[in-house]
Amino acid sequence: MDLFIKNISRLYTPRVADSEDISRPVMDISDAAIFISQGRIEAVGTEKEIASLVPEKVPVLDAQQRVALPGFVDCHAHPVFAGERSHEFHKRNAGATYLQIAKEGGGIASSAQALKNASVEALVQETLPRLNRFLLSGTTTLEAKSGYGLEWEQERKQLAAIDELNKKHPIELIPTYLVHSIPASRKNDREAFIDEVCETMLPEVARNHLAQAVDIFCEEGVFSEEESRKILLRAKQLGFDIKLHANQFGHSGGARLAAELGAVSADHLEHLNDKEIDALIENKVTCVLLPACVFFLGDLPYPPARKLIERGARVAIATDMNPGSSMTESLPLAMTIAAIYCHMTPAELLWAATFDAARALKRETSIGSLEVGKEGNVTLWDIPHLRYLSYHFGNTFLTDAVISGQVVVANGQLSDES
Ligand code: NIG
Ligand code: FE
């Protein structure tokens with residue numbers, strides 16, 4: 001699709017001339033415009049500079065003096081699930097912990113049971129409104145993890161739903177195979193289950209190109225460091241990128257393992273010591289922070305974002321959208337929480353929700369900034385400037401969204417195709 005977006009009051013994007021530049025420079029252009037040709041950015045700059053490059057027949061989107069940002073990249077999410085777990089939320093607020101609820105058969109196991117009872121079509125229908133909410137919050141690329149199936153037949157069903165949603169919805173979904181937990185029926189048989197993951201499930205996912213990355217919940221009581229190493233080594237051997245849910249409830253060994261194996265990302269990281277931080281930085285592992293999850297669980301420390309940033313880590317933030325520990329589709333809300341509790345600046349937040357998030361999905365050459373040659377994923381916001389975005393929270397100020405040059409939200413409304 002071709003599109004000329006003009007009359008932008010301010011355009012902000014990570015300036016990625018040198019992606020190792022840890023100062024996170026932001027390009028800020030007043031009276032800006034963007035020319036998208038065949039879905040990709042052909043020119044970006046002041047309207048004066050680029051208007052003459054645009055052929056007459058190209059459709060025009062008048063930004064009406066709104067702020068333009070790169071489409072957000074939500075690089076850690078579990079958006080495909082059945083049912084909801086509001087009872088657990090209120091149980092936790094009455095004093096129960098996430099791990100206690102999980103031990104009593106709630107948590108992931110209860111979502112697995114609900115998924116088992118749902119058809120692919122039902123999963124798709126339940127998820128579509130969620131994807132609309134992601135889009136209306138500014139997300140144009142979204143990771144979608146499996147991991148509520150647990151057993152292979154059910155995992156495959158969840159992946160089929162992700163594939164179907166990718167065809168039906170304009171947001172680009174990037175599927176990740178998540179080894180989330182041992183199914184209840186295999187609790188006494190964990191070694192055999194892990195062998196099945198390595199020898200049957202992962203090869204099947206690879207053969208059918210059902211996921212780009214493999215993720216594992218490396219945490220005490222879920223998968224140990226050794227078990228995670230075994231599964232991730234096999235995943236690497238099969239050509240997958242690897243990621244970990246690491247160091248959420250304690251020093252699980254997950255962060256160390258992410259560094260050792262050269263994972264694309266280590267996610268959560270609420271418990272990190274200096275040694276773990278240095279190892280993650282040295283091995284260029286993107287640290288994906290999930291502040292909305294910490295907020296929602298209520299009893300965990302926030303990850304040490306300042307320390308990570310000041311020492312030179314790549315830091316992304318994501319929603320972790322899921323029914324148990326982070327029931328929100330809103331990256332702007334996650335940014336507000338990260339501003340307050342992780343003490344991140346507006347420039348750091350922008351990088352974390354765009355370019356560094358793209359790195360966590362290995363998509364940094366095609367998305368995550370408004371630069372020539374990149375995918376034409378642009379959002380428009382009814383805000384005066386960038387620092388306002390995380391400041392005025394709980395509402396959406398998005399007015400328009402463009403994916404690969406196609407207008408998918410106009411004046412706050414989803415276009416027909418969405
Ligand atoms: O990222 N920590 C593990 N997995 C999810 C939660 C899944 C659930 O509770 O349904 C997370 O927080
Ligand atoms: Fe998660």
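Residues numbered from 1 in each chain as written. Chains lettered and ligands numbered in written order. Predicted model: local features only at pLDDT ≥ 70, side-chain atom pairs only at ≥ 80, totals over all residues. Heavy atoms only, no water.

Asks: What should I look at first to understand the pattern of salt bridges in this one?
Replies: Side chains bearing opposite charge may pair, as long as their charged atoms lie close to each other. Counting across every chain of the model gives 31 salt bridges. For Asp274, the salt bridge identified is with Lys307, shortest N-O distance 2.7 Å. Of this pair, Asp274 sits in helix H10 (residues 274-282) while Lys307 sits in helix H12 (residues 305-311), and the two are 33 residues apart along the sequence. We classify Lys307 as partly exposed; its relative accessible area is 38%. A salt bridge links Glu348 to Arg306, with the shortest nitrogen-to-oxygen separation between them at 2.9 Å. Taken together, the residues Glu348 in helix H14 (residues 346-353) and Arg306 in helix H12 connect sequence positions 42 residues apart. Residues joined by salt bridges that share partners form a network here, namely Glu225, Arg229, Arg256 and Glu260. (Salt bridge = Lys/Arg side-chain N within 4 Å of Asp/Glu carboxyl O. Helix = DSSP H or I, 4+ residues; strand = E, 2+ residues; numbered from the N terminus. Buried < 20%, exposed > 50% of the residue type's maximum accessible area, 1.4 Å probe, protein only.)

Asks: Honestly, the packing of helix H6 (residues 152-168) against helix H7 (residues 190-207) in this entry has me stumped. Any pointers?
Replies: Any two packed helices are characterised by the angle at which their axes cross and by the distance between the axes. Contact pair H6 / H7: the axes reach a minimum separation of 11 Å and the direction vectors enclose 20 degrees. Taken as axis vectors, H6 and H7 run roughly parallel relative to one another. Viewed along their axes, H6 and H7 form a crossing whose handedness is right-handed. Residue-level contacts link Trp152, Arg156 and Leu159 of H6 to Met201, Glu204 and Val205 of H7. Here the residues of the contact of H6 with H7 sort into four nonpolar, no polar and two charged. (Axes fitted to C-alpha atoms, helices over the stretch in contact; angles between N-to-C directions. Parallel < 35°, antiparallel > 145°, perpendicular 65-115°, else oblique. Left-handed = near helix turned anticlockwise from the far one by under 90°. Contact = heavy atoms within 4.5 Å. Nonpolar A, V, L, I, M, F, W, Y, C, P; charged D, E, K, R; others polar.)

Asks: Help me understand the packing of helix H8 (residues 225-237) against helix H9 (residues 254-261) in this model?
Replies: It is at 10 Å that the axes of H8 and H9 come closest, and there the two elements cross at 30 degrees. Comparing the axis directions of H8 and H9 gives the class roughly parallel. In this structure, H8 crosses over H9, and the sense of that crossing is right-handed. Listed contacts from H9 to Glu225, Ser228, Arg229, Leu232, Leu233 and Lys236 of H8 are Arg256, Leu257, Glu260 and Leu261.

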